[in-house]
Amino acid sequence: MRKLLCLMLAVIMVVSVAVVAVSAARIAPTGAGTATVTIQSVKGDTVTKTYAVGETFTTYTYLNASQINDGKIGSMNCSQFYTNSVLELAEDYDPEWGDIFDVDNIFPVTKQATVASGHHTESEEHAGMGAVYYNATIASYSGFKFNADDKALIICRYKVKAAGEATILNEITTLAQSDYELTRIVNGGKIVNDNFTSPVALSEPAAPTGFTLSGTATSYKTNDGVDDVTLTLTGSDNNYTDTAVVTAAYKGIKADTAYSFANVPAGNYVLSVAKGNHVTREYTVEVSADTTQDVKINPIGDADGNGRVNAADSKAVFKHANEEATIDDEYMLKCSDVSKPLNRVNSVDSKAIFQHANEVVSLWTVTAE
């Protein structure tokens, strides 16, 4: 009898342990110690990833406005909100004023022009969310260049402080072109010009791939202070566009200035070269490896291509107009065509060049700002 009772007690204990184990398995939380984080772009696109509690991760929010004003942005006012019960900002900031310290890395395009605050752990706009507020303005028509897919608005680090679900929400209140009127792309939080992209990511982007296009840009001295050469590279069979501005350093009246474009994808391109008081010139370039393309532009009125505008140019244009000699080069014809109507080189152009050479009426209207 005693053996039977012991046996029954053992069975009861085993069953009890099994029931407790099953019950514990049923009530154990799934995904304990992890957070599911979703980042959302200004256009509603999302990316989701899971992180362990205590883990630090980096968010990437980009802006490519190359189809609007060549991607040149004059002013912006933006925010990044985050679920404050799950996440905390991992960037260093002033606890009293909130100023974020590492603006060069967090805002790689706007850099020191950025005013950013990170101590708003409870935002007014979204309950249960902290916020990073940032804005930047530049008083230049060249603007901040958001003209490619790898141009980041904000690269921000967060730490997971608790398990759960979290959202990182990007919002733009104001986004304006760098034109005279600061034409709005986003106004009052509403997108008024949709022709831009703003992808987001929760992982470090792949290293850029592509080639280097470089060379020497030859230009000439005209009016004092007119020294910047602007080179614009535009893809013929892709959406790539980029601009490089180099400052001419003269030897005499001539300047041979190095330029370079990095990480250019393989493809066909138009390289436009411009400078004040010069005639803009375009080159067709094929990039399939590191490529060298030297370029040259000449002043308005420089019919013979030597960088000077004098009586010899006037004479060359006069002879061309009277069919005594021919200016065969298409670009040199553009340099010779100084009077309206354009696209016609005649004695009027010869006279205008002569007057310029004798300092009667200048062909060069661009002066230093």
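How each quantity is defined
Residues numbered from 1 in each chain as written. Predicted model: local features only at pLDDT ≥ 70, side-chain atom pairs only at ≥ 80, totals over all residues. Heavy atoms only, no water. Pairing = 2+ DSSP bridges. Helix = DSSP H or I, 4+ residues; strand = E, 2+ residues; numbered from the N terminus. Buried < 20%, exposed > 50% of the residue type's maximum accessible area, 1.4 Å probe, protein only. Arc of directions from axis to C-beta. Contact = heavy atoms within 4.5 Å. Polar contact = N/O pair within 3.5 Å; in protein donor to acceptor, adjacent residues only side chain to side chain. Axes fitted to C-alpha atoms, helices over the stretch in contact; angles between N-to-C directions. Core = buried A, V, L, I, M, F, W, Y, C linked by side-chain atoms within 4.5 Å. Salt bridge = Lys/Arg side-chain N within 4 Å of Asp/Glu carboxyl O. 1 Å grid on protein atoms, 1.4 Å probe; cavity = no way out; pocket = protein on both sides within 12 Å on 5 of 7 lines; lining within 4 Å. Points joined across faces, edges and corners; volume = space filled by probe spheres on them.

1. Section: the pairing of strand E7 (residues 129-137)
Moving on, step 1. Of the strand pairs in this sheet, strand E4 (residues 72-83) and E7 are connected by 9 bridges, and their pairing is antiparallel. Of the residues in E7, the one forming a bridge with Met76 is Ala136.
Moving on, step 2. Where strand E6 (residues 114-120) and E7 come together, 5 bridges link them in antiparallel fashion. Within E7, the position partnered with His120 by the bridge is Ala131.

2. Topic: helix H3 (residues 311-321)
Moving on, step 1. Along H3, the residues that are buried comprise Asp313, Ser314, Val317 and His320. In a view along the axis of H3, the buried residues occupy a sector of 125 degrees, so they form one face of it.
Moving on, step 2. Turning to H3, the residues buried within the fold contact helix H4 (330-336) and helix H5 (347-357).
Moving on, step 3. The N-cap of H3, judged by a side-chain oxygen 3.1 Å from the amide nitrogen of Ala312 a few residues on, is Asn310.
Moving on, step 4. Glu323 sits one or two residues past H3 and shows a positive phi near 60 degrees.

3. What about the sheet that holds strand E15 (residues 228-235)?
Moving on, step 1. Taken together, the 4 strands give an open sheet; going across it, the order is E16-E15-E19-E20, and neighbouring strands pair in antiparallel fashion. On the outer flanks of this sheet lie strand E16 (241-247) and strand E20 (281-287), each paired with one strand and no other. Each strand of the sheet is rotated relative to its neighbour by a mean of 20 degrees, with strand direction disregarded.
Moving on, step 2. By the bridge criterion, 7 bridges tie E15 to strand E19 (residues 267-275) in an arrangement that is antiparallel. Across the sheet, the residue bridging to Leu231 is Val273, located in E19.

4. A word on the sheet that holds strand E3 (residues 56-62)
Moving on, step 1. Taken together, 4 strands build an open sheet; the order of strands is E5-E9-E3-E13 and the sheet is antiparallel. Two strands lie at the open edges of the sheet, namely strand E5 (87-89) and strand E13 (200-201), each paired on one side alone.
Moving on, step 2. Sheet analysis places E5 next to strand E9 (residues 152-160), joined by 3 bridges and oriented antiparallel. Bridge assignment links Glu88 to a residue of E9, and that residue is Lys159.

5. Here's the deal with the nonpolar core
Burial of nonpolar side chains together is a common tendency in soluble globular proteins.
Moving on, step 1. Phe57 and Leu87 are the most contacted members of the largest nonpolar core, which has 39 residues in total.
Moving on, step 2. For this core, the secondary-structure elements that each account for two or more residues are strand E1 (34-40), E4, E5, helix H2 (103-106), E7, E9, strand E10 (164-177) and strand E11 (184-187).
Moving on, step 3. A total of 5 residues in this core trace back to one element, the largest contributor, which is E9.
Moving on, step 4. Beyond its immediate chain neighbours, meaning those up to four positions away, Phe57 contacts Val37, Tyr51, Leu87, Cys156, Arg157, Tyr158, Val160, Ile168 and Leu202.
Moving on, step 5. Grouped together as the second largest cluster of nonpolar side chains are 33 residues, Leu271, Val279, Val287 and Ile297 included.

6. Some points on the pattern of salt bridges
Moving on, step 1. Counted under the stated rule, the structure contains 3 salt bridges.
Moving on, step 2. In this structure, the salt-bridge partner of Glu91 is Arg157, at a minimum N-O distance of 3.4 Å. Of the two residues, Glu91 sits in the loop between E5 and H2 while Arg157 sits in strand E9, which places them 66 residues apart along the sequence.
Moving on, step 3. Exposure remark for Arg157: the relative accessible area of 31% places this residue in the partly exposed category.
Moving on, step 4. For Lys221, the salt bridge is made with Asp224, and the minimal N-O distance between the two is 3.5 Å.
Moving on, step 5. Among the residues examined, Lys221 registers a relative accessible area of 31% and is labelled partly exposed.

7. Examining the layout of surface pockets
If a probe as big as a water molecule is rolled over the atoms, it shows which places are left empty.
Moving on, step 1. Reported here for the second largest pocket is a volume of approximately 380 Å³.
Moving on, step 2. Broken down by secondary-structure element, the contributors of at least two residues to the lining of the second largest pocket are E15, E16 and E19.

8. As for H5
Moving on, step 1. Buried within H5 are the following residues: Asp349, Ser350, Ala352, Ile353 and His356. Buried residues of H5, seen end-on, are gathered within an arc of 165 degrees and therefore sit on one face of the element.
Moving on, step 2. For H5, the elements touching its buried residues are H3 and H4.
Moving on, step 3. Regarding H5, its N-cap is Asn346, as a side-chain oxygen of that residue lies 3.0 Å from the backbone nitrogen of Val348 further along.
Moving on, step 4. Immediately beyond the C-terminal end of H5, within one or two residues, lies Glu359, with a positive phi of roughly 60 degrees.

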